[in-house]
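Observations on the model geometry
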Amino acid sequence: MHKKTLTSSTFAALFLAFAPGIGLAVEPAPIANPAPVTAKLPPLEVIPLVKADKFLKSNFDNSDAARETDVWGRIRSGYAIADIDNSLVAKHVTWYSTRPDHIARTMARASRYIFHVVHELEKRGMPTELALLPVIESAFNPQAFSSANAAGMWQFVPATGRDFNLKQNMFKDERRGVLASTDAALTYLQKLYDMFGDWQLALAAYNWGEGSVQRAIKKNQALGRPTDFESLAELMPAETRNYVPKLQAVKNIIANPAQYGITLPPVDNQPYFTAVDKTSDIDLTIAAQLAELSIDEFKALNPQFNRPVITGGEKTKILLPQENAAKFASNLAQWGRALSTWTTHKITSARERIDTLASKFGTTPDVIRQVNNIPQKTLLMAGSTILVPKTSASLNVDIAPEVADNATMAFAADRPEYTRAKAGKGHKGQASPISLVKPRRARNHH
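The structure displayed is predicted, hence computed values, not measured ones.

1. Remarks on the overall build of the protein chain
From N to C terminus, the protein chain includes 18 helices and 9 strands. Out of the 446 residues belonging to the protein chain, those deemed buried represent 49%. When contacts within the protein chain are restricted to residue pairs at least 6 apart in sequence, those whose partners lie at least 24 apart make up 71%. For the protein chain, the exposed area adds up to about 21600 Å²; of that, 51% sits on carbon and sulfur atoms.

Quick look at the structure:
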């Protein structure tokens, strides 16, 4: 049955008038099975806006996927990458199938995000088994962080994250953000497929780097050998050689979990979360309170935020479960207090000690250190920007976007005076900067 919908611009205007600084944008549900609206957002009833043009790249609305009752069936119906069957696949099938607890934890985490990933894949006309790639990358943990400095569900290293416009600053790391990192990962995978014309090689390049795959192809071409994934595997490092077989193993288990003694958690074939657009600062704890969520659940959907305040801006979104969006709007309308209790302070002199700052802003040195991740026995160097509690003068002032984007911190060892003098280096009383070792770059490109 056709329902009238509000245009996004009309709704945004109405909701912003109702709750200044924060608006609601619902992630569209599949055309054939829109998510039911179970609550009203005071004072307006909100009907999810379905944009049919976004589905033109996929055949979802003309396939069995729309009629699937859960996401797992929907993923199975969209498998499109050629299968491989070798000893490595068998090895990884055995590994996963003999660890049902690991699978259960991974899929429980995935249940928050996987509808969105599948939905985005279908919009782009991409194989749906790519939605299983985070099982291999991070066990669907958006807080995952590797020794090679890769972060998030899709495990982007900093440089590749910047290549795909994933913002990384003191306040947020979009490599961990569900929406931004998924968009970046799928854009990257599509780019690699366009480059190689083969999904298995695209996956190898996602792990190993496109340059490495290109060199391997040229080497086999020069020798008159095939250039498919399995023919190139002997030239690959072990991690990449196992990468596609791991995905194949997970594909096999999802295709027939009962065969392997695995029970998948039910995941409804409809959106789990709603994206709430916000343009004013809000404390993470206050946002969770307004949504009636635990801090852990709020962070699970919004893992990109590094600090206790979520800074404003036109492109800033917070994710909430569908049923909590109405609670958030209702509680926000009745809040009547400041939404943020934090602001920034720029260190202008190395003589600004943390205990002095804490006294100035009515807090403790431990709070300053904890909220800013400042190591013990260190000083802040001039030019550093830190979070401090708001005062009456800054109560209604948001952190400027340019401050949020460019804020940095640098530390120096807090050494006793006699140690500095004895060392005989530098100006008397000047602390030497701590040497920060740059993490080893990952062998894989992303």
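Don't stop here, the text continues.
2. Quick look at the side chain of Lys172
Following the sequence through the fold, Lys172 ends up in the loop between helix H6 (158-163) and helix H7 (178-196). Buried and unpaired, Lys172 has Glu174 as its nearest opposite-charge partner, separated by 4.0 Å.

3. Observations regarding the pairing of strand S8 (residues 385-389)
Looking along a regular strand, one sees side chains alternate from face to face of the sheet. For S8, the tally of buried residues reaches 5 of 5 residues, placing the bulk of the element in the interior. The alternating pattern of S8 places Thr385, Leu387 and Pro389 and Ile386 and Val388 on opposite faces, both of which are buried. Where strand S6 (residues 342-346) meets S8, 5 bridges bridge the pair, whose relative direction is antiparallel. Within the sheet, the bridge partner assigned to Lys346 lies in S8 and is Thr385.

4. Here we look at the nonpolar core
Trp72, Ile114, Trp154, Phe156, Leu189, Leu203 and Tyr206 are the most contacted members of the largest nonpolar core, which totals 67 residues. It is helix H4 (residues 100-124) that provides the largest number of residues to this core, a total of 9 residues. By size, the runner-up hydrophobic cluster in this structure holds 18 residues, among which are Ile282, Ala287, Phe305 and Ile318.

5. Description of the confidence of the model for the protein chain
Confidence in the prediction for the protein chain averages 82 pLDDT; 78% of positions are at 70 or higher. Below pLDDT 50 for its whole length, residues 1-62 participates in 109 contacts with residues either more than four positions away or in separate chains. Note on residues 418-443: pLDDT is under 50 here. Beyond four places in sequence and across chains, it has 32 contacts.

6. Points about the packing of helix H12 (residues 284-291) against helix H14 (residues 322-333)
Helices that pack against each other are described as a pair by the angle of their axes relative to one another and the distance between those axes. It is the contact of H12 with H14, at a shortest axis distance of 7 Å, that shows an interaxial angle of 110 degrees. It follows that H12 is roughly perpendicular to H14 by the angle criterion. Residues Ala287, Gln289, Leu290 and Ala291 of H12 lie in contact with H14, whose contacting residues are Asn324, Lys327, Phe328, Asn331 and Leu332.

7. As for the packing of aromatic side chains
Taken as a whole, this structure holds 6 aromatic pairs when the rule is applied. Measuring from centroid to centroid gives 6.5 Å for Phe156 and Phe164, while their planes differ by 50 degrees, and the two rings are tilted. Ring geometry for Phe164 against Tyr188: centres 4.9 Å apart, planes inclined by 40 degrees, an arrangement best described as tilted. Taken together, the residues Phe164 in the loop between H6 and H7 and Tyr188 in helix H7 connect sequence positions 24 residues apart. Aromatic ring contacts, followed pair by pair, group Phe156, Phe164, Tyr188 and Tyr206 into a single cluster. Lying across the ring of Tyr79, Lys251 places its NZ or CZ 5.1 Å from the centre. The ring of Trp335 carries Arg337 above its face, with NZ or CZ at 3.8 Å from the centroid.

8. What to know about helix H3 (residues 87-97)
Within H3, the full set of buried residues consists of Val89, His92, Val93, Tyr96 and Ser97. Relative to the axis of H3, the buried residues are bounded by an arc of 125 degrees and lie together on one face. The secondary structure elements touched by the buried residues of H3 are H4, helix H5 (133-137) and helix H11 (238-255). Where H3 starts, the residue carrying a side-chain oxygen 3.0 Å from the main-chain nitrogen of Leu88 turns out to be Asn86.

9. Quick look at the pattern of salt bridges
All told, the structure shown has 13 salt bridges when counted by the stated rule. Between Arg176 and Asp173 there is a salt bridge, with the nearest N and O atoms lying 3.8 Å from each other. With relative accessibility at 13%, the residue Arg176 sits in the buried group. For Asp173, a relative accessible area of 7% gives the class buried. In this structure, Lys327 and Glu292 form a salt bridge, with 4.0 Å as the shortest nitrogen-oxygen distance. Placement of Lys327 in helix H14 and of Glu292 in the loop between H12 and helix H13 (295-301) is noted, with a sequence separation of 35 residues between them. Via salt bridges that share partners, Asp83, Glu129 and Lys251 belong to a single interconnected network.

Parameters at a glance
Residues numbered from 1 in each chain as written. Predicted model: local features only at pLDDT ≥ 70, side-chain atom pairs only at ≥ 80, totals over all residues. Heavy atoms only, no water. Helix = DSSP H or I, 4+ residues; strand = E, 2+ residues; numbered from the N terminus. Buried < 20%, exposed > 50% of the residue type's maximum accessible area, 1.4 Å probe, protein only. Contact = heavy atoms within 4.5 Å. Areas by Shrake-Rupley, 256 points an atom, 1.4 Å probe, with all protein chains shown as cover. Lys, Arg positive; Asp, Glu negative; His and termini not counted. Salt bridge = Lys/Arg side-chain N within 4 Å of Asp/Glu carboxyl O. Pairing = 2+ DSSP bridges. Core = buried A, V, L, I, M, F, W, Y, C linked by side-chain atoms within 4.5 Å. pLDDT = per-residue confidence, 0-100. Axes fitted to C-alpha atoms, helices over the stretch in contact; angles between N-to-C directions. Parallel < 35°, antiparallel > 145°, perpendicular 65-115°, else oblique. Phe/Tyr/Trp six-rings, centres within 6.5 Å; stacked < 30°, edge-to-face > 60°. Lys NZ or Arg CZ within 6 Å of the ring centre and 35° of its normal. Arc of directions from axis to C-beta. Polar contact = N/O pair within 3.5 Å; in protein donor to acceptor, adjacent residues only side chain to side chain.

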